[in-house]
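As a plain string of letters, each chain reads:
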Amino acid sequence: MFRRSKSEPAPESSATTKAGGKGRPTPTRKDAEAAAKARAKTPRTRKELAAAQRATRSESSKTVRQAMRDGDERYFPARDKGPVKRFIRDYVDARFSLIELVIPLLLVTMVLGYSGSRALAQWGNTLLLVIVIVVVFDMFWLRFRLRRELARRFPEQPLKGTTYYAITRAMQMKFMRLPKPQVKIGQALPDEYRR
């Protein structure tokens, strides 16, 4: 008597989504509570705790690495944050450094040293000594000019640690530097490096 007959069409299911909706069904209360409990559940054993910490560290380091490649300063480590560090990176990346030639020249000296000829090995040693002297001179020149620019652009900022930061960045090949270089060699740098 109160049953639905088979000929009546079934009510329309909620499979159709309205325009502007979220595109998925709302979870039931039971499912939402189960998911919340799973997120809030603390690891019971030391092994579970270590696995959870490892997963968190891995996710965090993945975010930082991606930000270093993209240049997103919000996720940079503390050593790379701020307008002074950004200027140092741009200053080092905009100048041609003799250090970029060091690795190819070291390969040449190695080949000369293992050539078997005493004269070629002597040339290789001389070339190695010249490379070291040129690199040391280039680092002193970088430090002198960078300090002068920092004093002009950021007179209120302390200069502690800036030389080390610049030299360690300059000692790396340009394609290996992180955060990735944002300027090309020879490009003029902007006057303002404020936040």
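The structure presented is a predicted model; accordingly, all values stated were derived computationally and were not measured. (Residues numbered from 1 in each chain as written. Predicted model: local features only at pLDDT ≥ 70, side-chain atom pairs only at ≥ 80, totals over all residues. Heavy atoms only, no water.)

Helix and strand counts for the protein come out as six helices and zero strands. By residue count, 25% of the 195 residues in the protein fall in the buried class. Long-range pairs, those at least 24 residues apart, make up 66% of the contacts in the protein between residues at least 6 apart in sequence. On the protein, roughly 15,300 Å² of surface is accessible, and the fraction owed to carbon and sulfur atoms is 60%. (Helix = DSSP H or I, 4+ residues; strand = E, 2+ residues; numbered from the N terminus. Buried < 20%, exposed > 50% of the residue type's maximum accessible area, 1.4 Å probe, protein only. Contact = heavy atoms within 4.5 Å. Areas by Shrake-Rupley, 256 points an atom, 1.4 Å probe, with all protein chains shown as cover.)

Attention now moves to the side chain of aspartate 93. With respect to the element layout, aspartate 93 can be found in helix α3 (residues 83–94). Dropping the residues within four chain positions of it, aspartate 93 is found in contact with Arg169, Lys174, Arg177, Pro181, Gln182, Val183, Lys184 and Ile185.

What follows is about the environment of leucine 189. Secondary-structure assignment places leucine 189 in the segment after α6 (162–170). Measuring from C-alpha to C-alpha, the distance between leucine 189 and alanine 94 comes to 8.0 Å, with 95 residues separating the pair along the chain. When near neighbours in sequence (up to four residues on either side) are disregarded, leucine 189 contacts Phe87, Asp90, Tyr91, Ala94, Arg153 and Val183.

Before going further, it helps to examine the environment of glutamine 182. Considering the arrangement of structural elements, one finds glutamine 182 in the segment after α6. Apart from the residues lying within four places of it in its own chain, the contact partners of glutamine 182 are Asp70, Gly71, Asp90 and Asp93. Here the side chain of glutamine 182 touches lysine 180 through a polar contact of 3.2 Å, landing on its backbone oxygen. (Polar contact = N/O pair within 3.5 Å; in protein donor to acceptor, adjacent residues only side chain to side chain.)

On inspection of all chains with the given rule, the structure shows three aromatic pairs. Centre to centre, the rings of phenylalanine 87 and tyrosine 91 are 5.8 Å apart; their planes meet at 40°, and the pair counts as tilted. With phenylalanine 87 and tyrosine 91 both in helix α3 and four residues apart, the pair spans about one turn of that helix. Residue class for tyrosine 91 comes out buried when judged on its relative accessible area of 12%. Here the aromatic cluster, defined as three or more aromatic residues joined through ring pairs, consists of Phe87, Tyr91 and Phe154. (Phe/Tyr/Trp six-rings, centres within 6.5 Å; stacked < 30°, edge-to-face > 60°.)

What follows deals with a positive patch on the surface. On the surface, a cluster of positive charge is contributed by Lys62, Arg65, Arg69 and Lys180. Relative to the elements of secondary structure, lysine 180 occurs in the segment after α6. (Patch = residues over 30% accessible without salt bridge, like charges linked within 9 Å, V, L, I, M, F, W, Y side chains within 5 Å. Salt bridge = Lys/Arg side-chain N within 4 Å of Asp/Glu carboxyl O. Lys, Arg positive; Asp, Glu negative; His and termini not counted. Charge placed at Lys NZ, Arg CZ, Asp CG, Glu CD.)

Now for the packing of helix α5 (residues 118–153) against α6. Viewed as axis vectors pointing N to C, α5 and α6 meet at an angle of 130°, and their least axial separation amounts to 10 Å. By the angle between their directions, the pair α5 and α6 is classed as oblique. Pair α5 / α6 crosses with right-handed handedness. Mapping the contact onto sequence places Met139, Leu142, Arg143, Leu146, Arg147 and Leu150 in α5 and Thr162, Thr163, Ala166, Ile167 and Ala170 in α6. (Axes fitted to C-alpha atoms, helices over the stretch in contact; angles between N-to-C directions. Parallel < 35°, antiparallel > 145°, perpendicular 65-115°, else oblique. Left-handed = near helix turned anticlockwise from the far one by under 90°.)

Another aspect to go through is α5. Helix length check: α5 (36 residues) gives 52 Å between terminal C-alpha atoms against 52 Å at 1.5 Å per residue, within 8%. For α5, the full list of buried residues reads Ala121, Gly124, Ile131, Val135, Asp138, Met139, Leu142, Leu146, Glu149, Leu150 and Arg153. (Expected span 1.5 Å × (residues − 1).)

Structurally, arginine 177 can be placed in the segment after α6. Within polar-contact distance, the side chain of arginine 177 engages the backbone oxygen of arginine 169 at 3.0 Å. Residues contacting arginine 177, with those up to four places away along its chain left out, are Val92, Asp93, Glu100, Arg169, Ala170 and Gln172.

This paragraph deals with the environment of proline 77. Inspection of the secondary structure puts proline 77 in the loop between α2 (46–70) and α3. Classification of proline 77 as partly exposed rests on a relative accessible area of 25%.

Once that is clear, we can look at the pattern of salt bridges. Scanning all chains against the criterion turns up eight salt bridges. Put simply, glutamate 149 and arginine 152 hold a salt bridge, and the shortest N to O gap is 3.0 Å. On the criterion of helical spacing, the pair formed by glutamate 149 and arginine 152 is a turn pair, its members being three residues apart in helix α5. Exposure remark for arginine 152: the relative accessible area of 53% places this residue in the exposed category. Because the salt bridges share partners, they merge into one network encompassing Asp93, Arg169 and Arg177.

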